[in-house]
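Residues per chain are reported as follows:
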Amino acid sequence: MENSKIQNFKNERDRLNKVLSEYASKTMKEFMGLDYRCYQAGALTEKTKELMGLVASLVLRCDDCINYHLMQCLEKNVSDEELVDTLTIGLIVGGSITIPHIRRAFDVWDEAKTTSFEADHKESFSKVIGMIKNVLTKTQNPRETLEAVCLLLKNNVPHYDWVGYYITDPNKPNELVLGPYAGEPTEHTRISFGQGICGQAADKKANFIIQDVSKETNYLSCSFRVKSEIVVPIIDGDKVIGELDIDSHKISPFTEEDEAFLEEIVELTKEHAKHVL
Ligand code: SME
């Protein structure tokens, strides 16, 4: 996986900081200390401060500053939606001249969030499992619980862009009905067994991992942005009672770790899935 933009930026920043510290006056160093302290939590959280720093950097059109704040935002678990809202304020204040910087910011963000997740893939998945277990102990209503699980998955795994449950219709046992989901609404609210990736996974009672949907003939498209899909059926005895479906905007993002991770989630949420309709 190419990681040049971020790594180059970090390396160059470290190198320049060394040069700077050799030449900097006492006043300059005091100013840097002030800058550091300013972003520590106070009445506002560190996350909010980083988002504010990002807007200011965008309006002033400083790519180095934008990149720096993007790295900090990533560490503070800023979601895509929060980033988009923040950059939108920068666009309104700074005008169309900020658009080239916004383009580069999204490009850097896209690369950074994927690579930082990959750097500690296992740890990240186990963190998300922890969050899900926490949700399962707190919420009672099956639909609300599964909605929260979908949202957690979408917001915490960078290559999951749409996450949803399809549930087998008890009145039409060869048909899946759209259940709780997170992401764009889909027109595929009912899918027959055998139809599309979801229907095939239900029919074959097997996981389906499609790394490039453009190569599939039996595929139901939700959006031109979706490039890959993974479906894990929820099996109870010998019946498919539903499935967990993930769409990604990346080509070939899924590994065996995703499969094992999603199988664990399916096991954890099976009882909720049984009672969601
Ligand atoms: N792509 C799926 C349809 C459901 S959406 O991904 C939400 C399929 O081919 O079955």
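Residue indices begin from 1 for each chain and proceed along its sequence in written order. Only residues with pLDDT of at least 70 are given local features in this predicted model, and only at 80 or more are side-chain atom pairs given and counted; all residues enter the totals for whole chains, interfaces and linings. The side-chain numbers reported here are obtained from all heavy atoms of the structure, hydrogens and water having been left aside.

Q: Please explain the layout of surface pockets as it appears in this structure.
A: Taken as a whole, the largest pocket holds about 1200 Å³ of empty space. Around the largest pocket, the lining is made up of 38 residues, and of these D80, K113, K154, N155 and P158 lie nearest the centre. When residues of the lining of the largest pocket are traced back to their parent elements, those giving at least two are α5 (80-94), α6 (99-119), α7 (121-138) and α8 (142-156). Class assignment for the residues of the lining of the largest pocket results in 16 nonpolar, 10 polar and 12 charged. Points on a 1 Å grid over protein atoms alone make up a cavity when a 1.4 Å probe fits among them but cannot get out, and a pocket when they form an open set with protein on both sides within 12 Å along at least five of seven lines; lining residues each have an atom within 4 Å of a point. Grid points are joined across faces, edges and corners, and a volume is the space filled by probe spheres set on the points. Taken as a whole, the second largest pocket spans an internal volume of roughly 700 Å³. Surrounding the second largest pocket, 20 residues form its lining, R13, N17, M32, D35 and Y68 being those nearest its centre. Those elements giving two or more residues to the lining of the second largest pocket turn out to be α1 (4-23), α2 (26-38), α3 (46-59) and α4 (63-75). A helix here means a DSSP run of H or I that spans at least four residues, while a strand means a run of E at least two residues long, and both kinds are numbered starting from the N terminus. Ranked by residues supplied to the lining of the second largest pocket, first place goes to α1 with 6 residues. Three categories are distinguished: nonpolar for Ala, Val, Leu, Ile, Met, Phe, Trp, Tyr, Cys and Pro, charged for Asp, Glu, Lys and Arg, and polar for the others, with Gly belonging to the last.

Q: It is not clear to me how the packing of α8 against helix α10 (residues 256-274) should be interpreted in this structure. Could you clarify?
A: For any two helices packed against each other, the geometry is given by the interaxial angle and the distance between the axes. A fitted line through C-alpha atoms serves as each axis, taken over the contacting stretch for helices, and the angle formed by two N-to-C directions is quoted from 0 to 180°. Two numbers describe how α8 lies on α10: the axes approach to 10 Å, and their chain directions differ by 165 degrees. Between α8 and α10, the interaxial angle falls into the category roughly antiparallel. Helix-helix and strand crossings are classified by hand; for α8 and α10 the assignment is left-handed. Of the residues in α10, those in contact with P142, T145, L146, V149 and L153 of α8 are F261, I265, T269, H272 and A273. Oblique is the label for any angle not under 35 degrees, not over 145, and not in the 65 to 115 range, which are roughly parallel, roughly antiparallel and roughly perpendicular in turn. In this scheme the handedness of a crossing depends on how the near helix is turned from the far one: anticlockwise by less than a right angle means left-handed, clockwise means right-handed. In what follows, residue pairs with any heavy atoms lying within 4.5 Å of each other are defined as contacts.

Q: Please explain the environment of A202 as it appears in this structure.
A: Among the structural elements, A202 can be located in helix α9 (residues 196-204). Working definition: with a 1.4 Å probe on protein chains only, accessible area under 20% of the residue-type maximum means buried, over 50% means exposed, and in between means partly exposed. The exposure class of A202 is buried, given its relative accessible area of 1%. Through-space distance from the C-alpha of A202 to that of R104 is 41 Å; in sequence the pair is 98 residues apart. In this structure, A202 is in contact with L176, F193, V240 and E243, ignoring residues within four places of it in sequence.

Q: Please clarify how the pattern of salt bridges should be interpreted in this entry.
A: Side chains carrying opposite charge are able to pair once their charged atoms draw close together. Salt bridge, as applied in this entry: a Lys or Arg side-chain nitrogen positioned within 4 Å of an Asp or Glu carboxyl oxygen. For the structure shown, the criterion picks out 15 salt bridges. With a closest N to O distance of 2.8 Å, K113 and D80 form a salt bridge. Of this pair, K113 sits in helix α6 while D80 sits in helix α5; the two residues are 33 residues apart in sequence, bridging distant segments of the chain. As a salt-bridge pair, R190 and E175 come within 2.6 Å of each other at their nearest N and O atoms. Pair noted here: R190 is in strand β3 (residues 190-192) and E175 is in strand β2 (residues 172-182), with a separation of 15 residues, a long-range link. Residues joined by salt bridges that share partners form a network here, namely D169, E175 and R190.

Q: For this particular structure, what's the right way to read the domain arrangement of the protein chain?
A: Frequently, the measure chosen for interface size is the accessible area removed from exposure when the parts meet. Start and end points for every domain follow an automatic or database-based domain assignment. Domain boundaries in the protein chain define domain 1 (5-118) and domain 2 (121-273). Taking only C-alpha atoms into account, the centre of domain 1 sits 34 Å from that of domain 2. The partner domain 2 presents 10 residues to the 6 residues of domain 1 that form the contact. For the salt bridge of E81 with K154, the shortest nitrogen-to-oxygen distance reads 2.8 Å. When residues in the side of domain 1 that touches domain 2 are grouped by element, the largest group, 5 residues, is from α6.

Q: It is not clear to me how the site of the ligand should be interpreted in this structure. Could you clarify?
A: Near, as used in this document, describes a residue that has one of its heavy atoms within 4 Å of the molecule or strand being considered. Around the ligand sit W162, Y166, I191, G196, I197, C198, Y219, L220, C222, E229, D245 and D247, and that is every residue in its neighbourhood. Whenever two N or O atoms come within 3.5 Å, that pair is a polar contact, provided that in protein one can donate a hydrogen and the other can accept it, and provided that, for residues adjacent in sequence, both atoms are side-chain atoms. C198 is positioned with one of its backbone polar atoms (N or O) 2.8 Å from an oxygen atom of the ligand. Per-residue and other accessible areas were derived by the Shrake-Rupley procedure at a 1.4 Å probe size, with only the shown protein chains allowed to occlude residues. Considering the ligand on its own, with 310 Å² of exposed area, one finds that the protein chains cover 100% of that surface. Cavities and pockets are treated as containing a molecule whenever more than half of the molecule's atoms lie within 2 Å of their grid points. Because more than half of its atoms lie within 2 Å of the grid, the ligand is assigned to the largest cavity. For the shell around the ligand, the secondary structure elements donating two or more residues are β1 (162-169), α9 and β6 (239-248). In terms of residues, the shell around the ligand owes the most to one element, α9, which gives 3 residues. Counted by class, the shell around the ligand contains 8 nonpolar, 1 polar and 3 charged residues.

Q: Help me understand the packing of α1 against α4, please; the structure alone is not making it clear to me.
A: Relative orientation of the contacting elements α1 and α4 amounts to 105 degrees, with a least axis distance of 11 Å. When the interaxial angle is binned, α1 and α4 end up roughly perpendicular. Touching I6, F9, K10 and R13 of α1 are D64, N67, Y68 and M71, all from α4.

Q: Mind showing me how you'd approach the packing of aromatic side chains here?
A: Given two aromatic rings, one states the distance between the centres and the angle between the planes to describe the pair. Pairing of aromatic rings covers Phe, Tyr and the six-membered ring of Trp, with a centre-to-centre limit of 6.5 Å; geometry is then stacked below 30 degrees between planes, edge-to-face above 60, and tilted otherwise. Taken as a whole, this structure holds 5 aromatic pairs when the rule is applied. Ring geometry for Y160 against F254: centres 6.3 Å apart, planes inclined by 50 degrees, an arrangement best described as tilted. With Y160 in the loop between α8 and β1 and F254 in the loop between β6 and α10, the pair connects residues that are 94 residues apart, well separated along the chain. There is no split in this pair, since Y160 and F254 are both buried. Grouped by ring-pair contacts, the aromatic residues F125, Y160, F254 and F261 constitute a single cluster.

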